[in-house]
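# Summary of the model geometry
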Amino acid sequence: MAQSVKGTRDLLGNEMKWFQRIEDTARRIFHRHGYEEIRTPILEEIDVFKRSVGESSDIVNKEMYDFVDKGGRHVVMRPENTAGVVRAMIQHKLLATSDPRLLYYIGPQFRYERMQAGRYRQFWQIGAESFGVATPESEAESLVMLFDFLNELGLKHLKLSINSVGTPESRPAFQAAFRAFFEARQEAFCGDCHRRIAQNPLRVLDCKVPGCQTALEGHPRITDHLDEASRAHHARLKVLLEALGVPYEENPRLVRGLDYYTRTAFEVLSADLGAQSALLGGGRYDGLVSHLDGPPTPAFGWAIGLDRLASLMQQLHGDAPAPRPALLIPLGEAAALEAMALARKWWAEGCAVQVDTRGQGLKKALQTANRLGFARALILGDGEREQGVVAVKDLAAGTQETWPLDQVAQRLSTV
RNA sequence: GCGGAUGUAGCUCAGUUGGUUAGAGUACUGGAUUGUGAUUCCAGGUGUCGGGGGUUCGAGUCCCCUCAUCCGCCCCA
């Protein structure tokens with residue numbers, strides 16, 4: 001039997017309904033904040049990611065879903081969407097002015113990685129990017145929209161965790177201080193951390209080994225080695241978040257993996273997720289656009305995994321609401337034709353109603369209606385047709401009443 | 001890329017140191033009820049026991065390979 005490709009899956013039933021609910025909510029909230037949707041190709045030239053993510057990263061080395069196409073082009077199925085959005089902005093010269101650009105995307109992403117629960121080779125992300133504004137105010141705006149979105153989905157127990165990772169100019173001073181701290185107690189750190197201290201020192205800060213976290217007690221803080229502008233930026237963001245009622249906490253060990261990140265980095269944690277509590281992450285990436293040969297442009301953004309979010313919704317709220325208002329059941333050929341005509345009229349009036357086209361008799365039709373979760377069955381037989389009415393059975397209560405045909409549309413939509 | 005575990009009906013799961021012709025609940029189909037469902041009663045498909053190979057008189061069971069899923073590590077834009 002044919003099977004979906006490893007790491008990919010079909011979205012159907014209840015999970016698909018949650019995806020729809022989440023996407024609809026995102027679009028509604030984002031639009032009222034002035035964000036516009038952008039869709040970029042799934043395929044990008046490999047350089048887009050090599051130059052944005054960095055050659056040394058594991059993403060480039062082993063996690064990219066890449067191949068050579070029939071024209072000999074080395075292409076990648078995008079592992080994330082930010083680089084593609086930035087590429088598009090540059091290509092279409094949309095960053096040529098200093099005007100702000102607010103964009104969001106919803107789409108599939110690909111990573112060629114080992115399967116685990118909630119981690120797929122094709123997964124879905126929703127993200128928002130803000131280009132052209134370097135202020136803490138723009139970050140607060142983006143974060144407020146994010147929390148509006150999450151709150152609208154009914155997610156509680158959320159915690160915003162923030163830090164500043166400084167700038168390329170201020171980072172060396174911190175790294176020197178941190179290396180000295182590390183070397184003074186290097187025997188306490190794990191093997192991975194010894195590798196990290198050479199390759200990507202900041203990564204030592206979020207090592208998951210308990211011994212390393214203990215050894216990090218009293219470590220130098222990035223926020224103590226910031227340049228004056230970054231320090232003011234960070235302080236201002238905290239003032240804004242407090243004034244706007246966005247609960248946050250400072251996490252001096254929160255870092256980002258890539259060099260182009262600057263200043264603000266954040267994650268949102270959910271107490272409902274257990275140990276793997278990170279729901280999403282983001283931050284400021286003032287260096288990325290120029291990295292990709294665009295005009296120097298400040299940017300801030302975040303992305304959230306739709307698969308994990310849908311799973312969280314299922315866990316918190318159970319099955320997605322799936323209204324099946326009414327099934328129209330005609331009895332006999334003449335009634336079947338009339339039912340189709342009636343349904344067309346009701347559809348035109350905005351009613352949600354389905355027609356049973358199987359012609360298998362009332363008993364089976366009611367069984368089907370009950371199994372599929374319809375609220376009502378509308379029975380149209382010879383007796384009803386003669387009187388110009390329909391028998392309406394409430395499948396939950398078991399009660400039945402008679403509605404005149406010309407009142408059906410109104411009564412269906414009002415109840 | 002590294003380490004560990006699990007694959008039996010559509011779904012949730014039993015199955016004895018290898019032994020007759022493979023099970024339960026639920027779901028499904030037909031009938032008691034040809035215009036009244038979800039509750040009852042009866043009758044029944046419930047399956048190449050992931051796939052391939054090997055050992056054996058005999059493999060759901062033991063061995064090897066492979067595929068899929070799950071857990072941990074690495075990593076996480």
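Just above, that's the structure.
Residues numbered from 1 in each chain as written. Chains lettered and ligands numbered in written order. Predicted model: local features only at pLDDT ≥ 70, side-chain atom pairs only at ≥ 80, totals over all residues. Heavy atoms only, no water.

## Structural notes on the pairing of strand β10 (residues 278-284)
Consecutive residues of a regular strand have side chains that alternate between opposite faces of the sheet. This is how it is decided: Burial classes follow relative accessibility: with a 1.4 Å probe on protein chains only, a residue under 20% of its type's maximum area counts as buried, one over 50% as exposed, and anything between as partly exposed. In DSSP terms, a helix is any run of H or I states spanning at least four residues, a strand is any run of E spanning at least two, and both are numbered starting from the N terminus. Whether two strands pair depends on DSSP finding at least two bridges between them.
Most of β10 is tucked away: five of the seven residues are buried. As paired strands, β10 and strand β11 (residues 299-305) are joined by five bridges and run antiparallel to one another. Within the sheet, the bridge partner assigned to arginine 284 lies in β11 and is phenylalanine 300.

## Brief notes about the packing of aromatic side chains
Quick reminder of the rule: The rule is short: rings of Phe, Tyr and Trp, with Trp giving its six-membered ring, pair when the centres are within 6.5 Å, and they are stacked under 30 degrees, edge-to-face over 60, tilted in between. We call a charge positioned over a ring when the NZ of a Lys or the CZ of an Arg lies within 6 Å of the ring centre and within 35 degrees of the ring normal.
Counted under the stated rule, the structure contains 14 aromatic pairs. Between phenylalanine 19 and tryptophan 124, the aromatic rings sit 6.4 Å apart at their centres with planes inclined by 90°, giving edge-to-face as the arrangement. With a gap of 105 residues between them, phenylalanine 19 in helix α1 (residues 13-32) and tryptophan 124 in strand β6 (residues 122-131) connect regions that are remote in the sequence. Note on phenylalanine 178 and phenylalanine 181: the rings are 6.3 Å apart at their centroids and 25° apart in plane angle, and the pair reads as stacked. Of the two residues, phenylalanine 178 and phenylalanine 181 are both situated in helix α6 (residues 171-184); the distance of three residues between them amounts to about one turn of the helix. Taken individually, phenylalanine 178 and phenylalanine 181 each receive the classification buried, so the pair is uniform in this respect. Three or more aromatic residues link up through ring pairs in this structure, and these residues are Phe30, Tyr104, Phe149 and Trp302. Over the ring of tyrosine 120 we find arginine 9; its NZ or CZ atom is 3.9 Å from the centre of that ring. Over the aromatic face of tyrosine 112 sits the side chain of arginine 121, whose NZ or CZ is 3.8 Å from the ring centroid.

## Remarks on the protein's contact with RNA strand B
What counts here: We call a residue near a molecule or strand when any one of its heavy atoms sits within 4 Å of it. Polarity classes work like this: nonpolar for Ala, Val, Leu, Ile, Met, Phe, Trp, Tyr, Cys and Pro, charged for Asp, Glu, Lys and Arg, and polar for all others, with Gly in that last group.
Not every one of the 41 residues close to RNA strand B is listed here, only the nearest: Pro79, Arg111, Ala117, Arg196 and Leu395. Of what RNA strand B places within 4 Å of the protein, 51% of the atoms are sugar or phosphate. Breaking the surface near RNA strand B down by element, the ones donating at least two residues are α3 (58-63), α7 (191-199), α13 (362-371) and α14 (382-387). When its residues are assigned to classes, the surface near RNA strand B shows 13 nonpolar, nine polar and 19 charged.

## Some details on the sheet that holds strand β8 (residues 248-250)
Note the cut-off: Should any heavy atoms of two residues lie within 4.5 Å, those residues are counted as being in contact. Helix axes are fitted only over the stretch in contact, all axes being lines through C-alpha atoms; the angle between N-to-C directions runs from 0 to 180 degrees.
Strand order in the open sheet made by the eight strands is β1-β5-β6-β11-β10-β9-β7-β8, with mixed pairing throughout. Bordering the open sheet on either side are β1 (36-37) and β8, each of which pairs with just one other strand. In this structure, β6 lies alongside β11, joined through seven bridges in antiparallel fashion. Within β11, the position partnered with phenylalanine 131 by the bridge is alanine 299. On the sheet, helix α4 (residues 82-91) packs against β5 (101-110) and β6 and is oriented at approximately 45° with respect to β6. Helix α11 (residues 306-317) rests against β5, β6, β9 (264-270), β10 and β11 of the sheet, and its axis sits at about 55° to β11.

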